[in-house]
Amino acid sequence: MSRSPSLPDRPRLDLDPDMNEAERLEALRKHFERIVQVNDELDDRLDEAQSRRSDLREEVDELKRRNEALKTASLYIATVEELTEDGAVIKQHGNNQEVLTDLSPQLEDELEAGDRVAINDSFSVQTVLDDETDARAQAMEVDASPDVTYADIGGIDDQVREVREAVEDPLVNADAFREVGITPPSGVLLHGPPGTGKTMLAKAVANETDATFIKMAGSELVRKFIGEGARLVRDLFDLAGEREPAVIFIDEIDAVAAKRTDSKTSGDAEVQRTMMQLLSEMDGFDDRGEVRIIAATNRFDMLDEAILRPGRFDRLIEVPKPGPEGRERILEIHTADMTIADDVDFADLAADLDDYSGADIAALTTEAGMFAIRDERTTVRRADFDDAREKIETDTEGPVFNDGEFGRYQY
Ligand SMILES: Nc1ncnc2c1ncn2[C@@H]1O[C@H](COP(=O)(O)OP(=O)(O)OP(=O)(O)O)[C@@H](O)[C@H]1O
């Protein structure tokens, strides 16, 4: 950096005692002029310094930003194995290298064995990763005892029966299947528009068979880093094996099992790897014991044939939007805990809810309750349902949340 030029000298006033009045006045005037000039020079220098200062500030900010970016770019993931007096023993993911590393006093209090952490090149722990950043926790939802029952599901009785046959019977009567010598279907695929009760069905089966419900969202699988999707699929099946009896529910399976495209991007290759892992887990399924798989999709037309081959998702169950009777039943289910006025006739109301899915009806009942509360009532009237309908249909331009062009499987 260049050094700043030296400051101008302070002006001196030289008054000779022999000077006459006029000479003194002249000397003072010159002195004053010099002072004004120096003042102007100093003002200019101050402006320059200030502008240089703001340039330097910007430079510092930029360097700070780059430093942060460099720091974050070079972090690795590790698991804390043990906390000792000398620091933490951590194991780096990927290469399984174990190291003992020092901890800052703040981290010492915060860390526990089993935590996932981010470490830098010199194995120093930078942050503790919470569940949000844990890919496994994010992609899977594990519920040891979901509380949905078959009675909570309305309008799709045939589908409930089919799912019970395909999933519940083999879990509950595993011996009978063995004795008769038949292999139950490995996987059941539920397909149909959003909000029709596919997730509820899977939860209800898990509940009624006392099985652990493990849900994995297909869309989460494809957002991960290279190799992580396949690892998550492996983890999913391992976890189900540990927790059997278990029901694995793979939602949005189209995200991993869409028809092969011609493009050769690495993203596609990654999705392919994840799907191959899923297929191989399903093929090796016979010895998995009491684990059943249910998958769901709103995009049946997009699925790769490979996933529908015998021994995989070979039992297909369409879960459609409910008809008028189904809608009436769903209305009854969702208003069971509400006080409903005598002027509400569910059959009549259901007839008006053409194209509503179960989820739309659930939203309608909540909205109707809100109208009653706004009016300081605890009883919900027909007018509240009508207001709710109007609100929902204006907010969403109708209850049809999914009218995309899905070829012959237009839901
Ligand atoms: N048949 C139904 N009977 C009663 N309630 C229903 C029904 N279908 C949907 N619902 C209500 O809608 C909510 C969402 O349903 P669910 O998650 O099971 O739909 P889904 O078919 O899995 O949807 P998506 O395809 O969007 O995942 C449920 O929690 C429930 O309140």
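As the structure is a computational prediction, the values presented were derived from the model and not from experiment.

Participant: Hey, could you run me through the overall build of the protein chain in this one?
Facilitator: For the protein chain, the count of helices and strands is 13 helices and 13 strands. Counting over 411 residues, the protein chain shows a buried share of 40%. By sequence separation, contacts in the protein chain at least 24 residues apart represent 71% of the contacts at least 6 residues apart.

Participant: I tried to follow the packing of helix 10 (residues 324-334) against helix 12 (residues 358-374) on my own but got confused; where do I start?
Facilitator: When two helices pack together, their arrangement is given by the angle between their axes and by how far apart the axes lie. Look at helix 10 against helix 12: their axes get within 9 Å of each other, and the N-to-C directions meet at 45°. With respect to helix 12, the element helix 10 is oriented oblique. The hand of the helix 10/helix 12 crossing is right-handed. Counting all contacts with helix 10, which are made through R327, I330, L331 and H334, the residues of helix 12 involved are G358, I361, A362, L364 and T365. For the contact of helix 10 with helix 12, the per-class residue count stands at five nonpolar, three polar and one charged.

Participant: Explanation requested: the side chain of R377 in the structure shown.
Facilitator: Here R377 is to be found in the loop between helix 12 and strand 13 (379-380). A polar side-chain atom of R377 sits 2.9 Å from a polar atom in the side chain of D375. Beyond its immediate stretch of four places on either side in the chain, R377 contacts F371, A372 and D384.

Participant: Teacher, can you tell me more about the packing of aromatic side chains here?
Facilitator: Two aromatic rings, taken as a pair, are described by how far apart their centres are and by the angle between their planes. This structure, assessed with the given rule, holds two aromatic pairs. Residues F213 and F249 carry aromatic rings whose centres are separated by 6.0 Å and whose planes lie at 25° to one another, so their mutual orientation is stacked. Note that F213 is positioned in strand 8 (residues 212-217) and F249 in strand 9 (residues 246-251), a separation of 36 residues in sequence. Relative accessible area serves as the criterion here: at 0%, F213 is assigned to the buried category. Exposure remark for F249: the relative accessible area of 0% places this residue in the buried category. Ring centres of F346 and F385 lie 6.4 Å apart, and the angle between their planes is 90°; on these two criteria the pair is classed as edge-to-face. Of this pair, F346 sits in helix 11 (residues 346-352) while F385 sits in helix 13 (residues 382-395); the two residues are 39 residues apart in sequence, bridging distant segments of the chain. Of the residues examined, F346 reaches a relative accessible area of 15% and is grouped as buried. Assessed through its relative accessible area of 0%, F385 is described here as buried. Above the face of the F371 ring, R374 is positioned so that its terminal group lies 4.7 Å from the ring centre.

Participant: How should I be thinking about the site of the ligand in this particular structure?
Facilitator: The ligand sits among 17 residues. The nearest are G154, G195, K198, T199 and H334. Note that an oxygen atom of the ligand is positioned 2.5 Å from one of the side-chain N or O atoms of T199. Of the residues that constitute the shell around the ligand, the class distribution is six nonpolar, eight polar and three charged. Counting the residues that make up the shell around the ligand, at least three belong to each of domain 2 (138-318) and domain 3 (324-395).

Participant: It is not clear to me how the UniProt feature "binding site: ATP" (unreviewed entry) in the protein chain should be interpreted in this structure. Could you clarify?
Facilitator: Per the UniProt annotation, the sites labelled "binding site: ATP" (unreviewed entry) are G195, T196, G197, K198, T199, M200 and H334. Inspection of the secondary structure assignment puts G195 in the loop between strand 7 (187-191) and helix 6 (198-208). Classification of G195 as partly exposed rests on a relative accessible area of 32%. Not counting the four nearest positions on each side in its chain, G195 is found in contact with S357, G358 and A359. Residue position: H334 is located in helix 10.

Conventions adopted
- Residues numbered from 1 in each chain as written.
- Predicted model: local features only at pLDDT ≥ 70, side-chain atom pairs only at ≥ 80, totals over all residues.
- Heavy atoms only, no water.
- Helix = DSSP H or I, 4+ residues; strand = E, 2+ residues; numbered from the N terminus.
- Buried < 20%, exposed > 50% of the residue type's maximum accessible area, 1.4 Å probe, protein only.
- Contact = heavy atoms within 4.5 Å.
- Axes fitted to C-alpha atoms, helices over the stretch in contact; angles between N-to-C directions.
- Parallel < 35°, antiparallel > 145°, perpendicular 65-115°, else oblique.
- Left-handed = near helix turned anticlockwise from the far one by under 90°.
- Nonpolar A, V, L, I, M, F, W, Y, C, P; charged D, E, K, R; others polar.
- Polar contact = N/O pair within 3.5 Å; in protein donor to acceptor, adjacent residues only side chain to side chain.
- Phe/Tyr/Trp six-rings, centres within 6.5 Å; stacked < 30°, edge-to-face > 60°.
- Lys NZ or Arg CZ within 6 Å of the ring centre and 35° of its normal.
- Near = heavy atom within 4 Å.
- Domains from an automatic or database assignment.
- UniProt positions renumbered as here; feature names shortened; annotations may be inferred.

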